[in-house]
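# Breakdown of the fold
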Amino acid sequence: VVASGSGRWEQSGAQLRLADEGQDGFVAVAAVPDAENTSWLPALRRSVASPVTTTTASSRYDGRHGQVIQQLRVVRERHGPGLLALLPHQWRTLDPSGMMPVAGRYLDPRGSLRLVEAETVTLRVPMPGLLPGPPVLPNGSRAAVARDAAADLAQRGDAGGGSYFGFKELGRLATVAEVAGQIGDASARQQALKRLRRLLVDWLTYNGRGDARYFGYDRTWGGLIAIPAEFGSQDYNDHHFQYGYLVRAAATLARTDHGFVRDYGPVVDLVVQDYAGGRGPEGLPTNRVFSPYLGHSLASGFASFASGNNQESSSEAVAAWEAVVRWGGASGQPDLV
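Small disclaimer: the values here were computed from a predicted structure and weren't measured.

### Some thoughts on helix H6 (residues 239-254)
For H6, built from 16 residues, the straight-helix expectation of 22 Å at 1.5 Å per residue is met to within 8% by its first-to-last C-alpha distance of 22 Å. Of all the 16 residues making up H6, 16 are buried; the element is thus mostly covered by neighbouring parts of the structure.

### Quick word on the sheet that holds strand E10 (residues 111-118)
Pairing in this open sheet of 3 strands is antiparallel, and the strands run E7-E10-E9 from one edge to the other. In this open sheet, the two edge strands, each paired with only one partner strand, are strand E7 (82-86) and strand E9 (99-108). Neighbour to neighbour, the strand axes of the sheet diverge by 25° on average, direction disregarded. As paired elements, E7 and E10 share 5 bridges and run antiparallel to each other. In the sheet register, Leu 84 faces E10, and the bridge partner there is Val 116.

### Quick word on the environment of Arg 255
Note that Arg 255 resides in the loop between H6 and helix H7 (258-276). With near-sequence residues (within four places) excluded, Arg 255 lies in contact with Arg 326, Gly 329 and Ala 330.

### Describing the sheet that holds strand E8 (residues 94-95)
Sheet architecture is open: 4 strands sit in the order E5-E6-E11-E8, paired in antiparallel fashion. Looking at which strands have only one partner, the edges of the open sheet turn out to be strand E5 (52-62) and E8. Two elements, strand E6 (residues 67-76) and strand E11 (residues 120-126), share 7 bridges in a ladder whose sense is antiparallel. Paired with Leu 72 across the strands is Val 121, a residue of E11.

### Some details on the pairing of strand E13 (residues 223-227)
Within E13, 4 of the 5 residues are buried, which leaves the element mostly enclosed by the surrounding structure. By the bridge criterion, 5 bridges tie strand E12 (residues 214-218) to E13 in an arrangement that is antiparallel. Bridging across to E13, Phe 215 finds its partner in Ala 226.

### Regarding a nonpolar patch on the surface
Nonpolar side chains collect at one region of the surface, where Val 1, Trp 9, Leu 16, Val 27 and Val 29 lie side by side and expose about 540 Å² of accessible area between them. The topology assignment puts Val 1 in the segment before strand E1 (2-3).

### Looking at the side chain of Arg 195
Checked against the element boundaries, Arg 195 lands in helix H5 (residues 186-204). Buried charge without a salt bridge: Arg 195, with Glu 169 as the nearest opposite-charge side chain at an N-O distance of 4.1 Å. From its side chain, Arg 195 meets the backbone oxygen of Gln 155 in a polar contact 3.3 Å long.

### Structural notes on unusual backbone geometry
Most peptide bonds adopt trans geometry, and most residues besides glycine take a negative phi value. Residue Pro 228 is reached from Ile 227 by a cis peptide bond, and omega for that bond is 0°. Note on placement: Pro 228 falls in the loop between E13 and H6. You will see that Ala 35, though not glycine, has its phi angle at about 60°, which is positive. Even without being a glycine, Tyr 236 presents a positive backbone phi close to 70°. Structurally, Tyr 236 is set in the loop between E13 and H6. The class for Tyr 236 is buried, based on a relative accessible area of 3%.

### Side note on the packing of aromatic side chains
One pass over the structure, following the stated rule, counts 14 aromatic pairs. Ring-pair connections join several aromatic residues into one group, and the members of that group are Tyr 164, Phe 165, Phe 231 and Tyr 245. One cation-aromatic arrangement involves Arg 114 over Trp 91; the distance from NZ or CZ to the ring centre is 3.9 Å.

What counts and how
Residues numbered from 1 in each chain as written. Predicted model: local features only at pLDDT ≥ 70, side-chain atom pairs only at ≥ 80, totals over all residues. Heavy atoms only, no water. Helix = DSSP H or I, 4+ residues; strand = E, 2+ residues; numbered from the N terminus. Expected span 1.5 Å × (residues − 1). Buried < 20%, exposed > 50% of the residue type's maximum accessible area, 1.4 Å probe, protein only. Pairing = 2+ DSSP bridges. Axes fitted to C-alpha atoms, helices over the stretch in contact; angles between N-to-C directions. Contact = heavy atoms within 4.5 Å. Patch = residues over 30% accessible without salt bridge, like charges linked within 9 Å, V, L, I, M, F, W, Y side chains within 5 Å. Areas by Shrake-Rupley, 256 points an atom, 1.4 Å probe, with all protein chains shown as cover. Salt bridge = Lys/Arg side-chain N within 4 Å of Asp/Glu carboxyl O. Lys, Arg positive; Asp, Glu negative; His and termini not counted. Polar contact = N/O pair within 3.5 Å; in protein donor to acceptor, adjacent residues only side chain to side chain. Phe/Tyr/Trp six-rings, centres within 6.5 Å; stacked < 30°, edge-to-face > 60°. Lys NZ or Arg CZ within 6 Å of the ring centre and 35° of its normal.

Structural data, given as structure tokens:
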């Protein structure tokens, strides 16, 4: 227990009282870190004297160096640096300028949290790029892949599914179309894209009562709900896992169907913003599913899940962000990329 100023502690029985602290005294309670030394306590006192008022997070992509540069800023009442605990991934990507290491660490389920005294933490995360599609296959493999593509097209999939299985069918058709295109099977590619367009347009439009599949806007939480909802997505569970399939499919179609981008691109943009970050007046939050401090997304909506929030499918999470990159490229939005 640390006081900010020059006050002194007085003990009376089982009670501790802070005396001579004045009107503006602050007290903080903190667990003592492992392996701390004399630098930790003064740093804590300085932090106590200047409480945190707000936090901000920003990031940008440096394509020349293949890095995502993230800045986490802690604004304090009197401005200036304060004590922060950094996660292992932050230490691995940390730009050490503008901060002072402080002896001590906390053991956490994610690893060892190490201490610094800083106002802004800058991370440089490697991001060399994404493969924009399936690779070109050698000629000897094309006949076998063509047979597989025909078999996949013969399967009707779960076109009548909801926000998860219905969107996975969109992703499946997009993959078939891309693979068929790479082996030069124009017929299979066109069949897949035709079915994909019909299903996408059905999801992205609302035709009034009796419409089986559409998006609705939830004014309470500020988000898009795909109807019918599956796996709790009406409570914002798994939005990036589910909606990523639709966005990826829209990007595949947009590569060859510019009319689709013109007519339905703004709706796809809203789906992207629901999970990847809102822009403009639509009332969509900037961090629906992404935790800037943890450095990854979280699945469980407003965390009504019995075991707390989680990231149960890292593969679908990666696919969701890759889908945003694809859509940004296909729709001509480099800022989105």
